[in-house]
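Take a look at the letters that make up each chain.
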Amino acid sequence: MTALLGTASRAPITPPEIRPPLLKRPLRSLRRLGPDGWLALAVTAAVLAVQAWNITGFPTVSDDEGTYLAQAWAVQHHHGLAPYTYWYDHPPLGWMQLAVLSWLPGLLASPAHVFTAELRVAMLPVTAASALLLHLLARRLGLPRWSAALAVLLFGLSPLAVGLQRELFLDNFAVLWILAAFVLAASPRKHLWHHVAAGLCAGVAVLSKETVAVLLPAVVLLLWQHCDRTTRKFSLVGFGTALALVGLGYPLYAAIKGELIPGPGHVSLLGGLLFQLQRAGSGSVLTPGSGSRQVLDSWLYYDRVLIVGGLAVTPPLLCSRRLRAPALAVLLLAAVLLRPGAGYLPAMYVIQALPFLALALAGAAQHGVRLALHGLPRVGLRPVRWAVVALAAVLAAGWTVPRWYAGDRTALTARANAPYDAAARWIRANVPDPAHTRITVDDALWLDLVRDGFAPGTGVIWFYKVDLDPAVARTLPQGWRSLDYIVSTPALRQDPNDLPTVRAALAHSTVLASFGDSAADRIEVRRIAKDAQP
């Protein structure tokens, strides 16, 4: 009784605060996205759906993709920055990021496809992040929601973009980081740390692919426009200091290894730069039949809308203060393309221009709509103004959609890598004792054979290294007779005259299996006839 009375005299127990279940917190975060966030996610999802479909089937895997992938494999397995001697051809940060993402394709990979094609899944988060950053940049430049969404769709659904953004190219990583630099430079809060972060992102972009450095003046212009006038000098110093600190890491690495300056018996950073600057040019894009012109024609084959349309609207956009920086970015890239005595022009160069061409077209469309609705003298015929806008939109869609449909349909249905898939399966099933067999291939197949048990570097050998890497040549005392097999692919057959050992191996070998319908795409697995006369 006493106990009951004592209990009754106590203050009532307050029930603990009921916290929302953990699952409700993400829902609240999603609600905070607002219309901008949902629209950005929707158009990004549309881009990813198109780019992910048949990502292993198109385009044909390239030797460049395989090279970056092999270097990412070397980083991941602690063999260094490359499976062979790293000769400072490109800064290594791009394939280091690829190594970080390489766990992702493992969730979806299957032995049905060549490994280089399977690893393309790692590029989807890169494309997604780039699309979201482009949408945010467009909004920070003052474009309305529909125009920002249009920029993302132009950036991600162009047949040219669908092909190139799927591939394991360093330029895609550079675009991601340079877009982040643009977004931070245009930050509406104007915080100093945002501008320092913009310098860090610009530095990472340059160390991902050095050619993106040509866009740095456009980033600085945007920073100048968006920082507070009273603290502008601090913002510029912070941006430049961060950029320099990141960029100097590369020569510091070379200096620590004693490979900054050319010398006997070692590679060097300066030697790599001199090679790139002195590399045989591919001619002017204005010269019919030149290598550069062929590259330009290949871009225009996939998409004239983004390239021709974007270039056409860019000069007038220089008069628009808010779009001046992306317009300058397009013009800087175009100036490099058109410069007198143009050097080597790689096919992936256009990747860096795609977001800014898309932004220029979306900005021009927004200017056109505003002019039609508000800029002309008002005559009280609002339905007519909207009819003009609708007619222009229909005509633009009628010009673009059929061309993009044909290009994207090829990207969604073609099986361009079927010969590579078949060759990898045939070698896996028919070459005995891979651990003690020596075979030379292009880099698109290199990692497949490493996975199948061939010794990386000296058992399966990238064909360029047979003749050009002294460390590999020393392991081949009998030249081409030290090899057991050679896999002839379009990349290997491209220029064998500069590779005498490879040329001799092709000449003294017989075809065991052949894959591919056309001579240009044919892949041959060939056995070396070691007892043949030279």
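The structure presented is a predicted model; accordingly, all values stated were derived computationally and were not measured.

## Topic: the overall build of the chain
Broken down by element type, the chain carries 25 helices and five strands. Taking the principal axes of its C-alpha atoms as reference, the chain extends roughly 95 × 90 × 50 Å. Of the contacts formed within the chain by residues at least 6 apart in sequence, a portion of 71% connects residues at least 24 apart. Of the accessible surface of the chain, which amounts to about 25900 Å², a share of 67% is contributed by carbon and sulfur atoms. Charged side chains in the chain number 46 positive and 30 negative. The centres of these two groups are separated by 17 Å.

## A word on the packing of aromatic side chains
Describing an aromatic ring pair means giving the distance of the ring centres and the angle of the ring planes. With the rule as written, the count across this model stands at ten aromatic pairs. Residues W73 and W446 carry aromatic rings whose centres are separated by 5.5 Å and whose planes lie at 75 degrees to one another, so their mutual orientation is edge-to-face. Of the two residues, W73 sits in helix α4 (residues 63-76) while W446 sits in helix α21 (residues 443-451), which places them 373 residues apart along the sequence. For W73, a relative accessible area of 12% gives the class buried. A connected cluster of aromatic rings, assembled from ring pairs, spans Y86, Y88, W95 and Y250. Over the face of the ring belonging to W224 we find R232, whose NZ or CZ atom lies 4.2 Å from the ring centre. Its end group placed over the ring of W399, R403 keeps NZ or CZ at 3.5 Å from the ring centre.

## Details of a nonpolar patch on the surface
A contiguous nonpolar patch, built from L260, I261, L270, L273, L274 and L277 and spanning about 560 Å² of accessible area, is present on the exposed surface. Tracing the backbone shows L270 in helix α14 (residues 269-278). Note on L270: relative accessible area 38%, which makes it partly exposed.

## With respect to the nonpolar core
Residues I178, F182, W299, I439 and W446 are the most contacted members of the largest nonpolar core, which totals 148 residues. Dropping the residues within four chain positions of it, I178 is found in contact with A202, A205, V212, L215, L216, V219 and F356.

## Description of the side chain of D89
Counting through the fold element by element, D89 comes out in the loop between α4 and α5 (93-101). Among buried Asp, Glu, Lys and Arg side chains, D89 stands out as unpaired, with K465 the closest opposite charge at 7.1 Å. Beyond its immediate stretch of four places on either side in the chain, D89 contacts Q71, W95, E210 and Q276.

## Re the state of the cysteines
Per the stated rule, a full pass over the model turns up zero disulfides. For the unlinked cysteine C227, the closest cysteine sulfur is that of C201, found at 17 Å.

## Focus: the sheet that holds strand β4 (residues 509-515)
An order of β2-β1-β3-β5-β4 is seen for the five strands of this open sheet, with the pairing classed as mixed. A single partner strand is all that each edge strand has here, and the edge strands are β2 (460-462) and β4. Sheet twist, expressed as the mean angle between neighbouring strand axes with direction ignored, is 25 degrees. Those strands touched by α21 are β1 (439-441), β2 and β3 (485-488), and its axis lies near 160 degrees from that of β2.

## Side note on unusual backbone geometry
The omega angle of the peptide bond from F58 to P59 is -5 degrees, so this bond is cis rather than trans. Examined against the element boundaries, P59 turns out to sit in the loop between α3 (34-52) and α4. Its identity as a non-glycine residue notwithstanding, N54 has a phi of 65 degrees, on the positive side. Looking at where N54 falls in the secondary structure, it is placed in the loop between α3 and α4. You can call N54 buried: its relative accessible area is 12%.

## Re the packing of helix α12 (residues 216-226) against helix α17 (residues 324-338)
Remark: α12 packs on α17, axes separated minimally by 8 Å, with the N-to-C direction vectors making an angle of 170 degrees. Between α12 and α17, the angle falls in the class roughly antiparallel. For the pair α12 and α17, the contacting residues are P217, A218, L221, L222 and Q225 in the first and R324, A325, L328, A329 and L332 in the second. Looking at side-chain class alone, the contact of α12 with α17 contains eight nonpolar, one polar and one charged residues.

## Concerning helix α8 (residues 145-157)
When the terminal C-alpha atoms of α8 are compared, their 18 Å separation across 13 residues agrees well with the 18 Å that a helix rising 1.5 Å per residue should span. Among all positions of α8, only S147, A148, A149, A151, V152, L154, F155, G156 and L157 are buried.

## Observations concerning the pairing of β3
Alternating positions in β3 separate into two faces, Y485 and V487 on one and I486 and S488 on the other, with burial throughout. The sheet contact formed by β3 and strand β5 (residues 523-528) spans four bridges and is antiparallel. Bridge pairing in β5 places Y485 opposite R527.

## A word on the pairing of β5
By the criterion of burial, β5 is predominantly enclosed, with five of the six residues buried. Pairing of β4 with β5 involves six bridges; the strand directions are antiparallel. Within β5, the position partnered with A513 by the bridge is V525.

## Some remarks on the pattern of salt bridges
Going through the model one piece at a time under the given rule, you end up with ten salt bridges. R139 serves as the salt-bridge partner of D36, at 2.9 Å between the closest nitrogen and oxygen. Of this pair, D36 sits in helix α3 while R139 sits in helix α7 (residues 123-140), and the two are 103 residues apart along the sequence. Connected through shared salt-bridge partners, D36, R139 and R145 make up one network.

## What to know about the confidence of the model for the chain
Atomic detail in the predicted coordinates should be set aside for any region of low pLDDT. With 91% of its residues at a pLDDT of 70 or more, the chain shows a mean pLDDT of 89. Looking at the elements of the chain, mean pLDDT is at its lowest for helix α1 (residues 2-9), recorded as 42, and at its highest for helix α10 (residues 170-185), recorded as 98. Note that pLDDT drops below 50 for residues 1-16; the model gives that stretch zero contacts with residues more than four away or on any other chain.

## With respect to the packing of α3 against α7
Direction vectors running N to C along α3 and α7 enclose 145 degrees, while the axes themselves pass 9 Å from each other. Here α3 runs over α7; the crossing is right-handed. Side by side, α3 and α7 meet where D36, L39, A40, L41, T44, V47, L48, Q51 and A52 of the first sit next to L124, T127, A128, A131, L132, H135 and R139 of the second. Among the residues forming the contact of α3 with α7, the class breakdown is ten nonpolar, four polar and two charged.

The rules behind these values
Residues numbered from 1 in each chain as written. Predicted model: local features only at pLDDT ≥ 70, side-chain atom pairs only at ≥ 80, totals over all residues. Heavy atoms only, no water. Helix = DSSP H or I, 4+ residues; strand = E, 2+ residues; numbered from the N terminus. Contact = heavy atoms within 4.5 Å. Areas by Shrake-Rupley, 256 points an atom, 1.4 Å probe, with all protein chains shown as cover. Lys, Arg positive; Asp, Glu negative; His and termini not counted. Charge placed at Lys NZ, Arg CZ, Asp CG, Glu CD. Phe/Tyr/Trp six-rings, centres within 6.5 Å; stacked < 30°, edge-to-face > 60°. Buried < 20%, exposed > 50% of the residue type's maximum accessible area, 1.4 Å probe, protein only. Lys NZ or Arg CZ within 6 Å of the ring centre and 35° of its normal. Patch = residues over 30% accessible without salt bridge, like charges linked within 9 Å, V, L, I, M, F, W, Y side chains within 5 Å. Salt bridge = Lys/Arg side-chain N within 4 Å of Asp/Glu carboxyl O. Core = buried A, V, L, I, M, F, W, Y, C linked by side-chain atoms within 4.5 Å. Disulfide = S-S within 2.5 Å. Pairing = 2+ DSSP bridges. Axes fitted to C-alpha atoms, helices over the stretch in contact; angles between N-to-C directions. Parallel < 35°, antiparallel > 145°, perpendicular 65-115°, else oblique. Nonpolar A, V, L, I, M, F, W, Y, C, P; charged D, E, K, R; others polar. Expected span 1.5 Å × (residues − 1). pLDDT = per-residue confidence, 0-100. Left-handed = near helix turned anticlockwise from the far one by under 90°.

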